[in-house]
Amino acid sequence: LTMAYAVGGISGGHFNPAVSVGLAVAGRFAWKDLPAYAIAQVIGALAAGLTLFAIASGVDGWTAGGFASNGFGELSPHGYSMMSALLIEIILTAGFLIVILGSTSKAVPGGFAPISIGLALTLIHLISIPVTNTSVNPARSTGVAFFAETAAVGQLWLFWLAPIVGAIIGAAIWRFIL
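Anyway, here's the lowdown on the structure attached to this text. Since the model is a prediction, treat every value here as computed from it, not as a measurement.

1. Quick word on the overall build of the protein
Within the protein one finds eight helices and zero strands. Mapped from its N terminus to its C terminus, the protein presents α and β elements in the order α-α-α-α-α-α-α-α. For the protein, the C-alpha radius of gyration of 16 Å lies close to 16 Å, the compact-globule estimate for 178 residues. Here the C-alpha coordinates of the protein stretch approximately 55 × 35 × 30 Å along the principal axes. For the protein, the residues scored as buried account for 40% of the 178 residues in total. Nonlocal contacts in the protein, meaning residues at least 24 apart in sequence, comprise 73% of its contacts between residues at least 6 apart. Carbon and sulfur atoms form 73% of the exposed surface of the protein, whose accessible area is close to 9100 Å².

2. A look at the packing of helix α6 (residues 138–145) against helix α8 (residues 158–176)
Their axes nearest at 9 Å, the elements α6 and α8 cross at an angle of 170 degrees. In terms of orientation, α6 and α8 fall into the roughly antiparallel class. Facing Pro-138, Ala-139, Ser-141 and Thr-142 of α6, the residues of α8 in contact are Phe-159, Trp-160, Pro-163 and Ile-164. Of the residues assigned to the contact of α6 with α8, the class counts are six nonpolar, two polar and no charged.

3. Thoughts on the side chain of His-14
Note on placement: His-14 falls in the loop between α1 (2–11) and α2 (17–25). Polar side-chain contacts of His-14 include one of 2.7 Å to the side chain of Ser-20. When neighbours within four sequence positions are excluded, His-14 is seen to be in contact with Ser-20, Leu-23, Phe-29, Tyr-37 and Gln-41.

Here is what the cut-offs are and how they apply
- Residues numbered from 1 in each chain as written.
- Predicted model: local features only at pLDDT ≥ 70, side-chain atom pairs only at ≥ 80, totals over all residues.
- Heavy atoms only, no water.
- Helix = DSSP H or I, 4+ residues; strand = E, 2+ residues; numbered from the N terminus.
- Rg over C-alpha atoms; globule rule 2.2 N^0.38 Å.
- Buried < 20%, exposed > 50% of the residue type's maximum accessible area, 1.4 Å probe, protein only.
- Contact = heavy atoms within 4.5 Å.
- Areas by Shrake-Rupley, 256 points an atom, 1.4 Å probe, with all protein chains shown as cover.
- Axes fitted to C-alpha atoms, helices over the stretch in contact; angles between N-to-C directions.
- Parallel < 35°, antiparallel > 145°, perpendicular 65-115°, else oblique.
- Nonpolar A, V, L, I, M, F, W, Y, C, P; charged D, E, K, R; others polar.
- Polar contact = N/O pair within 3.5 Å; in protein donor to acceptor, adjacent residues only side chain to side chain.

See the structure below:
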């Protein structure tokens, strides 16, 4: 929330490759800018993951474990299946895009979008942490997967595919139905 206010005027508040794809599908972001944004988002997430790892590993006996990585099956916090992970990540990312597109529409009062987006993201986390540890952001998933002591990297494909598919669905619903 605070980062959206802090740097939203610079980058449009793009921290998530899936959201950037969704905004492009909705006609609110240039497709030509997508690769550079996605690369910057992943680099930022990896730098954040490295920073957290460096800080957390400063305690004797600490181990990374899952390091807040995303997963399904035995890597899911409650053992949810791959299909459950796929569905929840697609559905919640689609809903997230609808909130983003709706709250940033010219038809609503300006300046409040980061509040509704932040609250929606909070709700998304409350719903999906038990299932996948919540992704809806491929960069966030990538940023911690490489520091986990689990097979998180092997499951990373789902946490790129599902949020991007969800973002496309949410953007299409917004653009063509709403």
